[in-house]
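Commentary on secondary and tertiary structure
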Amino acid sequence: MKHLLLAFILFSLPAAAQTQKLCGSCHTQPAEDFEKHPHSKQTVSCDTCHGASQNHIDTAGNTPPDNVAGPKDQPALCGACHTDQNKDFVASKHGKAMLAGGAQKSPACTTCHGAHMLRTPTQTEQQCKRCHAELPAACSAAPPAQTAKVSCANCHDKHKMVVVKR
């Protein structure tokens, strides 16, 4: 079994690189961004999120790709590997609202993490403030440590979004 898994990984890496090169010929910025993403160093490729999209390729992009992982698709797609994080997210207020379809603006995986390139902590915090512009007074209080700055991540669990006692 170990040998089979190793063979899969070794043969998948060149295929992932070829897919990125093929897609990158038209989608240059997403491909350049994705090269910096930790997923690009693994067996994750454009196909992972967008499907083989052969019709898209054959028609020079005049048809949409097989899949564009929308917000409701992301917990299952990303959660296939990130199981613990997915479990926490789908149980959170944000996850429940997003999966129920009631809150169109509820965040999904790429809202915080970015799609083709990882967001920085500052960019992630800016995403929070798009919906949570008016923060409670506790959010303006002194940071938990003298060397820290006030940040959403200082008080809120990353995937559950609940306030945690530190």
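Residues numbered from 1 in each chain as written. Predicted model: local features only at pLDDT ≥ 70, side-chain atom pairs only at ≥ 80, totals over all residues. Heavy atoms only, no water.

All right, on to the overall build of the chain then. Along the chain, the regular secondary structure elements total 10 helices and 0 strands. For the chain, the N- to C-terminal ordering of α and β elements is α-α-α-α-α-α-α-α-α-α. Classification of the 166 residues of the chain by burial places 22% in the buried group. In the chain, 44% of the contacts between residues at least 6 apart in sequence involve partners at least 24 apart. Total accessible area on the chain stands at roughly 11,900 Å², and carbon and sulfur atoms take up 61% of it. (Helix = DSSP H or I, 4+ residues; strand = E, 2+ residues; numbered from the N terminus. Buried < 20%, exposed > 50% of the residue type's maximum accessible area, 1.4 Å probe, protein only. Contact = heavy atoms within 4.5 Å. Areas by Shrake-Rupley, 256 points an atom, 1.4 Å probe, with all protein chains shown as cover.)

Take helix α2 (residues 28-35) next. Owing to its 3.6 residues per turn, the α-helix brings residues three or four apart onto one side. Every buried residue belonging to α2 is among Ala31, Asp33 and Phe34, and all of these are buried. Buried positions in α2, seen along its axis, are confined to an arc of 165 degrees and lie on one side of it. (Arc of directions from axis to C-beta.)

To continue, consider unusual backbone geometry. The residue Ser53 is not glycine, and still its phi comes out positive at about 50 degrees. Tracing the sequence through the fold places Ser53 in the loop between α3 (46-50) and α4 (54-58). Ser53 sits in the buried class, given a relative accessible area of 5%.

This part is about the environment of Leu99. On the secondary structure map, Leu99 appears in helix α7 (residues 93-100). Relative accessible area serves as the criterion here: at 37%, Leu99 is assigned to the partly exposed category. Residues Leu99 and Lys72, spaced 27 residues apart in sequence, show a C-alpha to C-alpha distance of 5.9 Å. The residues touching Leu99, leaving out its near neighbours within four places in the chain, are Lys72, Pro75 and Val90.

Among the structural elements, Lys96 can be located in helix α7. Given a relative accessible area of 53%, Lys96 falls into the exposed group. Measuring from C-alpha to C-alpha, the distance between Lys96 and Ser106 comes to 9.0 Å, with 10 residues separating the pair along the chain.

Turning our attention to the packing of helix α6 (residues 83-91) against α7. Relative to each other, α6 and α7 sit at 75 degrees, their axes nearing to 4 Å. The angle between α6 and α7 places the two elements in the roughly perpendicular class. Contacts from Phe89, Val90 and Ala91 in α6 reach Lys93, His94, Gly95, Lys96, Met98 and Leu99 in α7. Class assignment of the residues belonging to the contact of α6 with α7 gives a composition of 5 nonpolar, 2 polar and 2 charged. (Axes fitted to C-alpha atoms, helices over the stretch in contact; angles between N-to-C directions. Parallel < 35°, antiparallel > 145°, perpendicular 65-115°, else oblique. Nonpolar A, V, L, I, M, F, W, Y, C, P; charged D, E, K, R; others polar.)

With that out of the way, let us pick up the environment of Cys109. Here Cys109 is to be found in helix α8 (residues 109-113). Each C-alpha atom, one on Cys109 and one on Lys72, is 9.6 Å from the other, the two residues being 37 residues apart in sequence. Leave out the neighbours within four places in its chain, and Cys109 touches Gln74, Pro75, Cys78 and Gly114.

Right, let's get into the state of the cysteines. A covalent bond between the sulfur atoms of two cysteines is what we call a disulfide. Tallied over the full model, the rule gives 0 disulfides. Lacking any disulfide linkage, Cys49 is separated from the closest cysteine sulfur, that of Cys78, by 6.4 Å. (Disulfide = S-S within 2.5 Å.)

Any functional reading would require information that these geometric values do not contain.
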